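# Close look at the chain arrangement
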Amino acid sequence: MKSKLLILSVVFFVSCSVFNKQIKNNEEDYQVIPKPLKLTKEDGKFVIGANTKIIAVEELANEANFLKQLLLPIKLEVSKNSFEKDAIELKLDTAIENDEAYFLEINPKKITIRAKTSRGVFYGIQTLRQLLPPEIETQVTVSNLSVPAVAIYDEPRFKYRGMHLDVGRHFSPVAFIKKYIDLIAFHKMNTFHWHLTEDQGWRIEIKKYPKLTEVGAFRKETLVGHARNKGKRKFDGKPYGGFYTQEEVKEIVAYASSKHITVIPEIELPGHSLAAIASYPHLGNTGKQYEVGTRWGVFKEIYAPKEETFQFLEDVLTEVIALFPSKLIHIGGDEAPKKQWKESQYAQEIIKREGLKDEHELQSYFIKRIEKFLNSKGRNIIGWDEILEGGLAPNVAVMSWRGTKGGIAAAKQKHNVVMTPNHSCYFDHYQVTKEERANEPIAIGGKTTVKDVYDYEPMPKNLEPEFQKYILGAQANVWTEYITTSDKVEYMILPRMTALSEVVWSAKEQKSYPDFNKRLKTLSKRFDAMKLNYAKHSLK
Ligand code: ACM
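Read on for an overview of the structure.

Conventions adopted
Every residue gets a number counted from 1 within its own chain, in the order that chain's sequence is written. Owing to the predicted nature of the model, reporting of local features is limited to residues with pLDDT of at least 70; listing and counting of side-chain atom pairs is limited to 80 or more, with chain, interface and lining totals taken over all residues. The side-chain values count all of the structure's non-hydrogen atoms but skip hydrogen atoms and water molecules. Pairing of aromatic side chains requires ring centres within 6.5 Å, counting the rings of Phe and Tyr and the six-membered ring of Trp. Pairs whose planes differ by under 30 degrees are stacked, by over 60 edge-to-face, and all others tilted. The rule is simple: take the accessible area with a 1.4 Å probe, protein chains only, and divide by the maximum for that residue type; under 20% is buried, over 50% is exposed, in between is partly exposed. Two conditions define a charge located above a ring, namely a distance within 6 Å from the ring centre to NZ of Lys or CZ of Arg, and an angle within 35 degrees of the ring normal. Residues grouped as a nonpolar core are buried Ala, Val, Leu, Ile, Met, Phe, Trp, Tyr and Cys residues, joined through side-chain atoms within 4.5 Å. Any two residues whose heavy atoms approach within 4.5 Å at even a single point are treated as in contact. Note on pairing: two strands pair once DSSP finds at least 2 bridges between them. Each helix is a run of DSSP H or I of at least 4 residues and each strand a run of E of at least 2, with the numbering of both proceeding from the N terminus. For every element, the axis is a line fit to its C-alpha atoms; helices are fit only across the contacting stretch, and the angle between N-to-C directions ranges from 0 to 180 degrees. Take the residue count of a helix, subtract one, and multiply by 1.5 Å to get its expected span.

## What about the packing of aromatic side chains?
- Evaluated as defined, the whole model comprises 27 aromatic pairs.
- Arranged with centres 6.1 Å apart and planes meeting at 55°, the rings of tyrosine 303 and phenylalanine 312 form a pair that is tilted. This pair shows no difference in class: tyrosine 303 is buried, exactly as phenylalanine 312 is.
- Linked through ring pairs, Phe171, Phe176, Tyr180, Phe192, Trp194, Tyr244 and Phe324 together constitute an aromatic cluster.
- For lysine 178, the ring lying beneath its charged end belongs to tyrosine 255, and the centroid distance is 5.4 Å.
- Above the plane of the ring of tryptophan 505 lies lysine 188, whose end atom (NZ or CZ) is 5.8 Å from the centre.

The structure is reproduced here in structure tokens:
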């Protein structure tokens, strides 16, 4: 009896591997985030083993290598011979319309990823990754891996899918920036907005102005506790700082590019410029020697609207654009108090000379000059929504952070818009309710849960159809006053960026929080394998 059973089970297993097609897959096998546009479950599995080849044409060498690294535990060879059997084939297909779309077809004989561009192929690989067991993330050697058969067609809903990181308040080392880029790519997002200059630290080497990093990249100490506790402020007495050399910047931009991510640098002006003014006092309105900021909040020191300042900014931006191929360059524009310009005879003379109404129009004049310079170099500017206040520069794009009003107003003026409203897209906010905060690390305030992020709809409700095309997409912002380490950055972004990835990628009609939450639970096993520090309480 026993031997009969044994024979039966051997026959069963052999027929399963031969007629692998008969293996039934279920819903649990297809837990992908962001949810693909069209996914058809099929029977059977493809088994990736030591003899499986990766087939790729030369133009897809980068993607083939990415897949090979992902499957390192099996050590696959890359071949250009498209007749290989037992293969994962990466293919370009010019008939596909959308630049970011991909087809992923898995059957027991072959895996095929087809796209118009290498970017689409890359996204197809990211989906394949989520269909593989989470153990691949640990890079422990395995002899084979099975993937469920499927037919997927997928494309993103929005063109702009971004994550911002402030490295001014707290510095992130190069290794973490790369990890951050990996996470952006994992979520099929395509933009890294790198906030490089702040009151509390200038973080990018500029060869013509060495003091920006000799002086501006370091503060003598840092505020302890919350900035709200005015009057009884305490400082830690410890010098803090750091910056990226131009070589490191190049390395990061190239790394991001290999993951199909555009890096938008932000050089803040005219406000949030205390570290630059502390480095070169003639850039300020008072000529006084300042110190790099040591506390959080908005500072009254802003750039003087002088020719020397414009020369300085043009020199800085000349070096910046040589490092960043991004068409968009972020020039800040937010939180620039006008007090110093009101009190400056020089600023008032310019207002008169240029026939400007007030200091807001002076800010607009300031930004238009910077825009003209960058446009002459083939670049466009993007700025925070305050840049609407004195009138928008002609070709500028707007990042709407004080809610969505600024974004709506800019779209109606036919300007491109990226939505980053603080209520849904500020990942420096607490991710739990006030009552649940006791065990949370200190944060700036607010409450933006993973569900709040998931429920965010970037397309404003009543925006007329003719203006909808100006809403390019959305982004989360990660301000680091209270986010002191890389570990904490991970905790603040995960899994909120996972929710945002579905907001910006997946079809609106397919959104369902319970379904997302279920897939997130599966994905969290991969986060565990990747040893990521994510907010586990957000999964409940
Ligand atoms: C901002 O949060 N000040 C853009």
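## Structural notes on the nonpolar core
- Ranked by internal contacts, the top residues of the largest apolar core, which has 150 residues, are Ile48, Leu90, Trp194 and Trp202.
- Setting aside chain neighbours within four positions, we find leucine 90 in contact with Ile54, Ile55, Ala56, Val57, Leu60, Glu63, Ala64, Leu67, Ile113, Val121 and Ile125.
- Grouped together as the second largest cluster of nonpolar side chains are 12 residues, Leu328, Ala397, Met399 and Val418 included.

## Observations regarding the sheet that holds strand β6 (residues 110-115)
- The 7 strands are arranged β1-β7-β5-β6-β4-β2-β3 in an open sheet whose pairing can be described as mixed. Only two strands of the sheet have a single partner each, and these edge strands are β1 (38-48) and β3 (77-79). The sheet shows a mean angle of 20° between the axes of neighbouring strands, taken without regard to direction.
- Note: strand β5 (residues 102-107) against strand β7 (residues 145-154), 5 bridges, orientation antiparallel. Across the sheet, residue tyrosine 102 finds its bridge partner in β7, namely aspartate 154.
- Along the sheet, helix α3 (residues 118-131) contacts β4 (87-92), β5, β6 and β7; its crossing angle with β5, the most-contacted strand, is approximately 40°.

## Looking at unusual backbone geometry
- Cis geometry is adopted by the peptide bond preceding proline 34, which originates at isoleucine 33 and carries an omega value of -5°.
- In this structure, the amide linkage connecting leucine 494 to the following residue, proline 495, adopts the cis form with an omega of 5°.
- Counting through the fold element by element, proline 495 comes out in the loop between α16 (486-493) and α17 (496-505).
- For aspartate 86, which is not glycine, the phi dihedral falls at a positive 50°.
- You can see aspartate 86 is positioned in the loop between β3 and β4.
- We note that glutamate 335 has phi near 40°; this positive angle belongs to a residue other than glycine.
- Structurally, glutamate 335 can be placed in the loop between β17 (328-332) and α9 (339-343).

## Quick word on α3
- Between its first and last C-alpha, α3 extends 20 Å over 14 residues, near the 20 Å set by a 1.5 Å rise per residue.
- Most of α3 sits inside the fold, with 12 of its 14 residues counted as buried.
- If you check which residues of α3 are buried, you get Gly120, Val121, Phe122, Tyr123, Gly124, Ile125, Gln126, Thr127, Leu128, Arg129, Gln130 and Leu131.

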